[in-house]
Structures are given as C-alpha cells and as structure tokens.
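Here is how the chains run, residue by residue.
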Amino acid sequence: MSEANSPKVAEPRLAASVILVRDVAIPDDEGTGLSGLEVFVQHRVSTMDFAAGMVVFPGGRVDQVDSSGWDFTDDVVERHASAWHRSSLATDPASARHNAGRVLAAAQREVFEETGLELPATALRPWANWVTPADQPKRFDTFFYLAFPDRGSEPQHQTTEASSSVWLPVQGILESEAAGTLKLMPPTLALLEELLRLGTMDAVEAEDRDIFPVRPEPGALEEFFRLRRQARQQGRPDA
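Because the structure is a prediction, the values reported are computed rather than measured.

### So, the packing of helix H1 (residues 74-83) against helix H2 (residues 96-115)
Argument step 1. H2 packs onto H1 with a crossing angle of 100° between their chain directions and a minimal axis gap of 8 Å. With respect to their mutual orientation, H1 and H2 come out roughly perpendicular. Two secondary-structure elements touch here, H1 through Asp74, Val76, Val77, Glu78, His80 and Ala81 and H2 through Ala96, Arg97, Ala100, Gly101 and Leu104.
Argument step 2. Classifying every residue of the contact of H1 with H2 by side-chain character gives 6 nonpolar, 2 polar and 3 charged.

This is how it looks when you write it as structure tokens:
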C-alpha cells in the first residue's frame, strides 16, 4: 500500500482516569469476613463512541481548562512529572512539568464532575499509563491514578455517560467479566487483576511504582476480546 493510500493513524488524546479504592469485608462460604478491595466503577451506556457498554473507572480527556488555575503546589507537580518520566508527557523535557499538571488537573476535574468528590492533588497517586493501539479510530494516552476516598466522602453517580456508578469488589468484577456478564477494556482488566494480587490497602500503599507506558500493538484490542470469548466458551476465566 502506498503512503498516500495508507490509513491515517489517529493521534492519541491525553486522558486521565481515577481508580477509587477502599477496603471491604467480603463474606466467604463459611460466613466469615475476608478483607478485600472495592473500586468505584461506572457502567458506560451503549451509545458512547468509545468503550460503549464497558465497566470503567471515572475519567475523561484533558481539556484546555486544565492548563491553568491549578490548586496544587510546584512540589506536587514535580513529583508527578517524575512519576510520568517514561511517558509521552516527558517527550519534551521543557514541558514535562506543565503536561503533568494538566493531566493531574483533569483527573481532579473529571472525578468531581462524575462523582462529586473533591480530591486534593496530594490524594491522587500516579499508577499506570496505557495508550490505545494505533489501528483504532479513537485513541487515548490515558494516565491512571489511584485514590483512597475518606469514608465520609462518598462518590455519587452523576454522569450521563454511564447508566450507573457503584462500588464493587475487585474479585466480583473479575468473576463477572470471566462469566461474560460484565465487559472490561484491557487496561481495566489488567489493573483490577493487579489490585486483586495486591489484596489489601496496605499492600497497595506499599507498592513501589516505576511506570512504563503500555502501548499494545495494532490488532491487540480485537485479539484481546477474541481470547476472552474463547476463554468463556472453554469455561476458563484466564485468557
């Protein structure tokens, strides 16, 4: 195929997503309480042009409004820029701090707009970075943060992009995905599996992160869903 006729690759847009996490007692078969983790997730409506019908974390794209008016200090921006130093935010070192601030501001704004929570910047911990494969028509360079809301600060469902927003056990979400009753995008599945492995808030807080951007190859999204379907048909939760 000539360069003139080759399909145009969409430029990934910066986006922020926030994983709200809390400890919960999960009953086992014997009726005793087991410690586990819950996350606050949204069931996206089927009419959305990206991740339609999926279970996702609160978040959205970075907008122009996020470029100024920050309520956090320079040292916070420095820490976040350092955490994202392997990502696209640091491609131009001169703008790395500003880019980190923009994405952090977007994370705060999106959480407030979609859940009503006003999280201070110091409560948002850089956690992961995923980039949509180049063969997708709509692409995002998404920066995932982790936050532990205070018990008195309960997130609410207040976005028209989702049909509901609820706390769900990490293990329960993964079991429902394996059974085919919930749908997850690859980053969501991978991040939930990681939280399940960590198991407790203490383990999550103690996790030492060196964040490498995850950039799946073209065709990876289709292959992901093919393998998930195959696993369900074979009665196996693992793909």
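Still to come is the rest of the account.
### Examining the packing of helix H3 (residues 170-179) against helix H4 (residues 186-198)
Argument step 1. The interhelical angle for the contact between H3 and H4, taken along N-to-C directions, is 135°, at an axis separation of 9 Å. Judged on the interaxial angle alone, H4 and H3 are oblique. For the pair H3 and H4, the sense of crossing is left-handed. Of H4, the residues touching H3 (which contributes Val170, Gln171, Ile173, Leu174 and Glu177) are Leu189, Leu192, Glu193, Leu195 and Leu196.

### Describing the packing of aromatic side chains
When we look at a pair of aromatic rings, we describe it by the centre distance and by the angle of the planes.
Argument step 1. Applying the stated criterion across every chain yields a total of 5 aromatic pairs.
Argument step 2. Residues Trp70 and Phe72 carry aromatic rings whose centres are separated by 5.3 Å and whose planes lie at 20° to one another, so their mutual orientation is stacked.
Argument step 3. Assessed through its relative accessible area of 28%, Trp70 is described here as partly exposed.
Argument step 4. The class for Phe72 is buried, based on a relative accessible area of 10%.
Argument step 5. An angle of 85° between the planes, with centres 5.6 Å apart, marks the rings of Trp84 and Tyr145 as edge-to-face. Of the two residues, Trp84 sits in the loop between H1 and H2 while Tyr145 sits in strand S6 (residues 140-147), which places them 61 residues apart along the sequence. Across the pair, exposure class does not vary: Trp84 and Tyr145 are buried alike.
Argument step 6. If you follow Arg209 out to its NZ or CZ, it ends over the ring of Trp127, 3.7 Å from the centre.

Reading the values: rules and limits
Residues numbered from 1 in each chain as written. Predicted model: local features only at pLDDT ≥ 70, side-chain atom pairs only at ≥ 80, totals over all residues. Heavy atoms only, no water. Axes fitted to C-alpha atoms, helices over the stretch in contact; angles between N-to-C directions. Helix = DSSP H or I, 4+ residues; strand = E, 2+ residues; numbered from the N terminus. Parallel < 35°, antiparallel > 145°, perpendicular 65-115°, else oblique. Contact = heavy atoms within 4.5 Å. Nonpolar A, V, L, I, M, F, W, Y, C, P; charged D, E, K, R; others polar. Left-handed = near helix turned anticlockwise from the far one by under 90°. Phe/Tyr/Trp six-rings, centres within 6.5 Å; stacked < 30°, edge-to-face > 60°. Buried < 20%, exposed > 50% of the residue type's maximum accessible area, 1.4 Å probe, protein only. Lys NZ or Arg CZ within 6 Å of the ring centre and 35° of its normal.

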